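Examination of the molecular architecture
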Amino acid sequence: MPKVRRVPQRQCVACGQVRAKRDLVRVVRTAQGDVRIDRTGKLSGRGAYVCPETACVDRALGEGRLARMLEREMPDDIAQGLRDAMARPAPQRPPMVHRITLAQAAESRERSKHRGGLL
Ligand SMILES: [Zn+2]
């Protein structure tokens, strides 16, 4: 029986939604006291999470939620970095898989049936 792997989950500071940790953007206040966007999820320090969505990032920054969570002012470059991160998805994400719809699948099956006779 395959072991069920528990996916670590975290809560977005803006919308409060609990999501898989890897689906959220982590912002960390390091032991040195500076704020970083943690793309690897491995930086140690106090972390806060936000959905990789403009609405959540704007809210997290705009309402000072991230700042409150991390007890640090958000530097402009972090705010900018978060907004930039929204523009291009994290590089470690698997590529999007193109799924054909059932209708398309049926159609292509139909087509290959017809073609079959000619081969
Ligand atoms: Zn959110």
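The structure displayed is predicted, hence computed values, not measured ones.

1. Considerations on the overall build of the protein chain
Each helix and strand counted, the protein chain has 4 helices and 5 strands in total. Going residue by residue from the N terminus, the α and β elements of the protein chain occur as β-β-β-β-β-α-α-α-α. Scored against the burial criterion, the 119 residues of the protein chain give a buried share of 17%. Looking at the protein chain alone, contacts between residues at least 24 apart form 49% of all its contacts between residues at least 6 apart.

2. A short note on the packing of helix α1 (residues 54-62) against helix α3 (residues 76-87)
Angle between the axes and distance between the axes are the two parameters that describe a pair of packed helices. The geometry of α1 relative to α3 is characterised by a closest axis approach of 10 Å and an angle of 170° between their N-to-C directions. Considering their axes alone, α1 and α3 lie roughly antiparallel with respect to each other. Between α1 and α3, the residues in contact are Thr-54, Val-57 and Leu-61 and Ala-79, Leu-82, Arg-83 and Met-86, respectively. Taken together, the residues of the contact of α1 with α3 sort by class into 5 nonpolar, 1 polar and 1 charged.

3. Considerations on the sheet that holds strand β5 (residues 46-50)
Taken together, the 3 strands give an open sheet; going across it, the order is β4-β3-β5, and neighbouring strands pair in antiparallel fashion. Each end of this open sheet is capped by a strand with a single partner; those strands are β4 (35-38) and β5. When strand polarity is set aside, the average angle formed by the axes of neighbouring strands in this sheet is 25°. With 4 bridges connecting them, strand β3 (residues 25-29) and β4 associate as antiparallel partners. By the bridge assignment for β4, Arg-29 is matched with Val-35.

4. Focus: the environment of Met-74
Here Met-74 shows up in the loop between α2 (65-70) and α3. Placed 40 residues apart in sequence, Met-74 and Asp-34 show a C-alpha to C-alpha distance of 9.4 Å. Leaving out residues up to four positions away in the same chain, Met-74 has contacts with Val-35, Leu-61, Leu-66, Ala-67 and Ala-79.

5. Description of the nonpolar core
Judged by nonpolar contacts, the single largest core of 19 residues is most densely connected at Cys-12, Val-13, Val-27, Val-50, Ala-60 and Leu-66. A per-element tally of this core places α1 first, with 4 residues. In this view, Val-27 contacts Val-35, Ile-37, Asp-38, Gly-47, Ala-48, Val-50, Leu-66, Leu-70 and Ile-78; residues no more than four positions away in its chain are not counted.

6. Brief notes about the pairing of β3
Note that β3 and β5 share 5 bridges and pair antiparallel. Residue pairing across strands places Arg-26 opposite Tyr-49, the latter belonging to β5. Joining the antiparallel neighbours β3 and β4 is a turn of 5 residues, in which Gly-33 adopts a positive phi near 90°.

Criteria and thresholds
Residues numbered from 1 in each chain as written. Predicted model: local features only at pLDDT ≥ 70, side-chain atom pairs only at ≥ 80, totals over all residues. Helix = DSSP H or I, 4+ residues; strand = E, 2+ residues; numbered from the N terminus. Buried ≥ 20, exposed ≤ 12 C-beta atoms within 10 Å, placed from the backbone. Contact = placed C-beta atoms within 7 Å. Axes fitted to C-alpha atoms, helices over the stretch in contact; angles between N-to-C directions. Parallel < 35°, antiparallel > 145°, perpendicular 65-115°, else oblique. Nonpolar A, V, L, I, M, F, W, Y, C, P; charged D, E, K, R; others polar. Pairing = 2+ DSSP bridges. Core = buried A, V, L, I, M, F, W, Y, C linked by C-beta atoms within 7 Å.

All quantities given are derived from atomic positions and should not be read as evidence of function.
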